[in-house]
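For reference, the chains in residue letters:
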Amino acid sequence: MSIRVNPEVQKALDEGRPVIALESTIISHGMPYPQNVETANKVEQIIRDHGCVPATVGIVDGVGVVGLNKEEIEEMGKRGHSIPKVSRRDLPIVMAEKSWGATTVATTMILASKAGVEFFVTGGIGGVHRGAQETFDISADLEELQNTNVTVICAGAKAILDLRLTMEVLETKGVPVLGYQTEDLPAFYCRKNSDGLKVDYAVKDPEDAARIVKAKRDLGLTGGILITNPIPEEYAMDNAVIDKVIADAIKEMDEKGIHGKECTPFLLAKVAEITGGNSLNANIHLVFNNAAVGSEIAKAYSKL
Ligand code: PSU
Ligand code: MN
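Remember, it's a predicted structure, so these values are computed and weren't measured experimentally.

The next subject is the site of ligand 1. Around ligand 1 there are 14 residues in total, and Glu23, Lys85, Ser139, Asp141 and Lys158 lie nearest to it. Contact distances for ligand 1 include 2.7 Å between an oxygen atom and a side-chain N or O atom of Asp141. At a separation of 2.4 Å, an oxygen atom of ligand 1 approaches a polar side-chain atom of Lys158. When isolated, ligand 1 has an accessible area of 470 Å², and the protein chains bury 93% of it.

Structural data, given as structure tokens:
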């Protein structure tokens, strides 16, 4: 596979300094332009301010890039939905076609692990969709978390998913789900989920989280670790409000017959549309918070 690691990222890796991977689907499909590019740049800055090196991952002319430059991030954001969203199954196609691609959690994990990056910060992961008993719509992100050695720091998952089934699948796949200073599984916009679901283990500080990652790696146990970090209180949204918005978005998706890889982007855009700027602001700030916490965990890990 053709991969290009940004020289600054490679240097940090060679010197054992902490590197944080970031995904590009959150830029192209997760937020509107220009807030997507502003957010991507600010997230990189937060990671630098915390003493780590950011590596935004994406596919440029068929090459898997670990550490996109400013112009490439701008282009990902500007082209938005016209850049294909690339999950594991799409990767060989965009590479062979030498086209651009936005990496999901799954493909960002693949490229990060090939470059030797352990930590990856994002907003929310994909999971088991509601009604998956019928549709079989289960994100390839879960498969990747089972198989690929990358630790993902996120704000849980949006309630566009069936969070209970998502937790069941993660258990089956042997993926530890940690809560950063919380026992409740965070639900992206909300600090807690509406179903009373708990994480597997609440970590008290970055060192605590880093030790768990180290234990898994020392044992040679394949696969990822999920660290869920609740959205800061001041940006959190009301569970009842979000639940209603999501129910309406799913109804419209079903009526329009949207399925497959279009589901997640449709629901993300619909929720943003119905809630106006509120959810976008929440989305941006939870990613900032994940970047800060993820950086502290990566730094703690580099000292173990
Ligand atoms: N959930 C979000 N924001 C996102 C995504 C999911 O709250 O941007 C993106 C991520 O890139 C994730 C992908 O990996 O959607 C999952 O898509 P699918 O369900 O088609 O696997
Ligand atoms: Mn899907």
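Here we take up the pattern of salt bridges. Under the defined criterion, the tally for this structure stands at 23 salt bridges. The residue Lys261 makes a salt bridge to Asp90 at a minimum N-O spacing of 3.9 Å. Taken together, the positions of Lys261 in the loop between helix H11 (239-256) and helix H12 (263-275) and Asp90 in the loop between strand E5 (85-86) and helix H5 (91-97) put the pair 171 residues apart, joining distant regions of the chain. Here Asp90 falls in the buried class, since its relative accessible area comes to 11%. Each of the salt bridges in this network shares a partner with another, and the network as a whole consists of Glu252, Lys256, Lys270 and Glu273.

Moving on, we come to the confidence of the model for the chain. Considering every residue of the chain, the mean pLDDT works out to 96; 100% of them sit at 70 or more. Here H12 stands out as the element of the chain with the lowest mean pLDDT, 89, in contrast to strand E2 (residues 19-22), whose mean of 99 is the highest.

Let us now look at the pairing of E2. Regular strands place their side chains on alternate faces of the sheet. Here E2 shows no split at all, with Val19 and Ala21 on one side and Ile20 and Leu22 on the other all buried. Taken together, the four bridges between E2 and strand E3 (residues 53-60) define a ladder with parallel strand orientation. The residue bridging Ile20 from the neighbouring strand is Pro54, located in E3. Examined bridge by bridge, E2 and strand E7 (residues 119-121) share three bridges and lie parallel to one another. Bridged to Leu22 within E7 is Val121.

Further remarks concern the layout of surface pockets. Of the pockets and cavities examined, the largest pocket occupies roughly 880 Å³. Lining the largest pocket are 43 residues; nearest its centre among them are Lys85, Gly126, His129, Ser139 and Thr264. Within the residue set of the lining of the largest pocket, elements represented by two or more residues are helix H2 (25-28), helix H8 (140-147), H11 and H12. The leading source of residues in the lining of the largest pocket is H12, at five residues.

Attention now moves to the packing of aromatic side chains. Inspection of the entire model under this criterion finds two aromatic pairs. Aromatic pair Phe119 and Tyr301: ring centres 5.2 Å apart, planes at 75 degrees, arrangement edge-to-face. With a gap of 182 residues between them, Phe119 in strand E7 and Tyr301 in helix H13 (residues 277-302) connect regions that are remote in the sequence. For the pair Phe188 and Tyr189, a centre-to-centre distance of 4.9 Å together with 90 degrees between the ring planes defines the contact as edge-to-face. With respect to burial, Phe188 and Tyr189 carry one shared label: buried. For the cation-ring pair, Lys42 lies above Phe288, with the distance from its terminal atom to the ring centre recorded as 4.6 Å. Over the ring of Trp100 we find Arg79, and its NZ or CZ is 5.1 Å from the ring centre.

Analysis parameters
Residues numbered from 1 in each chain as written. Chains lettered and ligands numbered in written order. Predicted model: local features only at pLDDT ≥ 70, side-chain atom pairs only at ≥ 80, totals over all residues. Heavy atoms only, no water. Near = heavy atom within 4 Å. Polar contact = N/O pair within 3.5 Å; in protein donor to acceptor, adjacent residues only side chain to side chain. Areas by Shrake-Rupley, 256 points an atom, 1.4 Å probe, with all protein chains shown as cover. Salt bridge = Lys/Arg side-chain N within 4 Å of Asp/Glu carboxyl O. Helix = DSSP H or I, 4+ residues; strand = E, 2+ residues; numbered from the N terminus. Buried < 20%, exposed > 50% of the residue type's maximum accessible area, 1.4 Å probe, protein only. pLDDT = per-residue confidence, 0-100. Pairing = 2+ DSSP bridges. 1 Å grid on protein atoms, 1.4 Å probe; cavity = no way out; pocket = protein on both sides within 12 Å on 5 of 7 lines; lining within 4 Å. Points joined across faces, edges and corners; volume = space filled by probe spheres on them. Phe/Tyr/Trp six-rings, centres within 6.5 Å; stacked < 30°, edge-to-face > 60°. Lys NZ or Arg CZ within 6 Å of the ring centre and 35° of its normal.

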